[in-house]
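Coordinates in review
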Amino acid sequence: MSIDKDRWAPPIEGEKSGRPSPSQAARPSNTPSRNADTSVNPDVIEDSYTTAITATLPDESVDSSRRRAFRAGATRAGSSVRRALSFTTASKGWGTLAVVVFIAALFGAIALRTSAGSSSLATSRPQGYRGTATNTETLSSAWASGINTAWVLPSAPDKASTEEQSVLVEGTTLYVATRTQERVLRLSAYDIASVQPVQKWVSDGQDIEVRGRFGGPRMISAGAWLAVENVLVSKETGRQQEAPWGEDIPTAFVDEVLVTCSGLETCSGWTNQSGSWTRQWQSITARQSSSSDFWKGIHSLVVGSGEESSLLVPVESFRHNPQLVNVHTGVVATLGAEGRLGSDSRVVKLYDASDGVIVERDRGEMEVYDVSGRLVDTFDAVRHNTKPTMDGRAPTVAELRGFFTEVSAPWTTGRVTIEKEDCSVVRLNPTGDFPPRSATGVKGLATYYSDSAKSCSFEPRELRASTDGSAAFIWVATWSTSTAYMIDMNANKTHTFSGLTRSTKTVWAFDDLLITISDDGITAFTPASS
């Protein structure tokens, strides 16, 4: 499969010119805004945790109460000195006592401030990114040192947008898209390989109305262009033009074919020929849904390569079987029976592979399909509480089957289990020639403990590990809670990653740079030792 070959020529007519970065545009900031989420700098180090998070805070930070306590202590100390010194004319000894009182009070106030924020002061360093700017799809071992804020792109203070932002990282360029209150597209490009992000351009649409979407605009890299909803944006200049697919949603770009789906019952394939976008095929699918469960937790929307490349269609997961559409021909294949699902054939989850798909049914049976949608095998999975890390390359169907039957995962950096009756032990088995490692006192990750199976169940939203097993990242999020840790597996140190608590999306830009999106803006985190 070839993705993003950058061979397309820009259209000659009908383009809108992007404008260079205006002086009034939001600039990258080293400092969060007054209302920014500064929870990445917790004040309390819990019993078995060693918190190593550092964030540069604004002047009026979350520890302002301690700042006030410090100033109040110093003021009281000064008052004591003035009162004590008033007696020095009567006794030289009273003057000495006053000095002692002042020093004791002052150092007491300093001690109060230091002990309350020692976790930050111990690892403080200037913000900024100083990493390798490479992405091998694995966690850098440097994360074992802890977490620091690299930089922040705060939300626009004028609230120009009322919707979520979307981000896309390609190479060392970060694209940020949002729909403004005027219902047009605003898109910015940043070079993020430096200490601070450098804005390359910012582009505002004028008369192309963009449809609102939960989660922000859908953005796909398509050669020399970005396909953002119904707008095409030049990667080089930021100039915008209206796309010919109307209200269809850009879904994937493979081998010079851009696939769009309507969200109803059709998908189409588009190619750029001599500067003009032309539809090559249109196919009817089952009823679609933008919130299809079939897209949750999968490695890639595309399976297969070359002429066999196929896209997973976002069909309504509670009513229909999964479907694949060939990106070159538009041929649709259903993974299972056509029509509405029966009560005994509900799909629990999809597992994508480089050469096919495995479908887990409600009745416990696992079905194996090739890239053409043909059923090639069925098997029963061995139930266990082990999870493969979500990194590395896409697995083959044979490797996925091996994981479900033999608990092996050679395509990842490792396998993780949560152990002990209180589910507070994380055990990592690296794939490479490295010994297993465990971290204790890690709470809040397991969904429940099974007395019969003597195991802890957990469903991580993110799970990564370094190749050598020295660092691990685990994030578990539900509708009501969010718990995340960076773990030094060698030293058994757990760094609480509270910066993800309010995040709605995350993007791994590099092995040592994690970008998160929240209501306060875009925040990038990097290892404390970088």
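**A short note on unusual backbone geometry**
Despite not being glycine, A133 has its phi angle at roughly 55°, a positive value. With respect to the helices and strands, A133 occurs in the loop between helix 3 (118-121) and strand 2 (147-154). For A133, a relative accessible area of 22% puts it in the partly exposed group. At N492, a position not held by glycine, the phi torsion is positive, near 55°. Relative to the helices and strands, N492 resides in the loop between strand 31 (482-488) and strand 32 (493-496).

**A word on the pairing of strand 7 (residues 219-222)**
Here strand 7 shows a buried face lined by M219 and S221 and a second buried face lined by I220 and A222. Bridge analysis of strand 7 against strand 8 (residues 225-228) gives four bridges, and the strand direction is antiparallel. By the bridge assignment, I220 is partnered in strand 8 with A227. Between the end of strand 7 and the start of strand 8, which pair antiparallel, lie two residues, with G223 showing a positive phi angle near 65°.

**Observations regarding the sheet that holds strand 13 (residues 266-273)**
The sheet built from four strands is open, its strands ordered 11-12-13-14 with antiparallel pairing. Both edges of this open sheet fall to strand 11 (249-254) and strand 14 (276-284), since each of them pairs with a single strand only. The mean inter-strand angle of the sheet, taken between neighbouring strand axes irrespective of direction, is 25°. Here strand 13 runs beside strand 14; their pairing, made up of eight bridges, is antiparallel. The partner of N272 across the bridge, within strand 14, is W277.

**Some thoughts on helix 4 (residues 397-406)**
Residues separated by three or four positions in an α-helix point in the same direction, a consequence of the helix having 3.6 residues per turn. Within helix 4 the residues assigned to the buried category are V397, E399, L400, G402, F403 and F404. Residues of helix 4 that are buried in the fold lie against strand 19 (347-353), strand 20 (356-361), strand 21 (365-370), strand 22 (375-380) and strand 23 (387-388). At the exit of helix 4 stands V407, carrying a positive phi of roughly 60°.

**Focus on the nonpolar core**
Judged by nonpolar contacts, the single largest core of 27 residues is most densely connected at L311, L350, V357 and V359. For this core, the secondary structure elements donating two or more residues are strand 11, strand 12 (257-261), strand 15 (302-303), strand 16 (310-312), strand 17 (323-326), strand 19 and strand 20. Per-element accounting of this core gives the leading share, three residues, to strand 12. When near neighbours in sequence (up to four residues on either side) are disregarded, L311 contacts T251, A252, V259, C261, L301, V302, Q323, L324, V325 and V327.

**Focus: the environment of V357**
Structurally, the position occupied by V357 is in strand 20. Between the C-alpha atom of V357 and that of L312, which follows or precedes it by 45 residues, the distance is 9.4 Å. Sequence-distant contacts of V357, defined by excluding residues within four places in its chain, comprise V303, L312, L324, L335, L350, Y351, E367, V368, Y369 and V397.

**Re the sheet that holds strand 10 (residues 240-242)**
Strand-to-strand pairing in sheets goes through backbone hydrogen bonds, with the strands running parallel or antiparallel. The strand order 7-8-9-10 describes an open sheet built from four strands, whose pairing is antiparallel. Looking at which strands have only one partner, the edges of the open sheet turn out to be strand 7 and strand 10. Sheet twist, expressed as the average angle between the axes of neighbouring strands with direction ignored, equals 25°. Relative to strand 10, strand 9 (residues 231-234) runs antiparallel, the two sharing three bridges. Among the inter-strand pairings, L232 is bridged to a residue of strand 10, identified as Q241.

The rules behind the values
- Residues numbered from 1 in each chain as written.
- Predicted model: local features only at pLDDT ≥ 70, side-chain atom pairs only at ≥ 80, totals over all residues.
- Heavy atoms only, no water.
- Helix = DSSP H or I, 4+ residues; strand = E, 2+ residues; numbered from the N terminus.
- Buried < 20%, exposed > 50% of the residue type's maximum accessible area, 1.4 Å probe, protein only.
- Pairing = 2+ DSSP bridges.
- Axes fitted to C-alpha atoms, helices over the stretch in contact; angles between N-to-C directions.
- Contact = heavy atoms within 4.5 Å.
- Core = buried A, V, L, I, M, F, W, Y, C linked by side-chain atoms within 4.5 Å.

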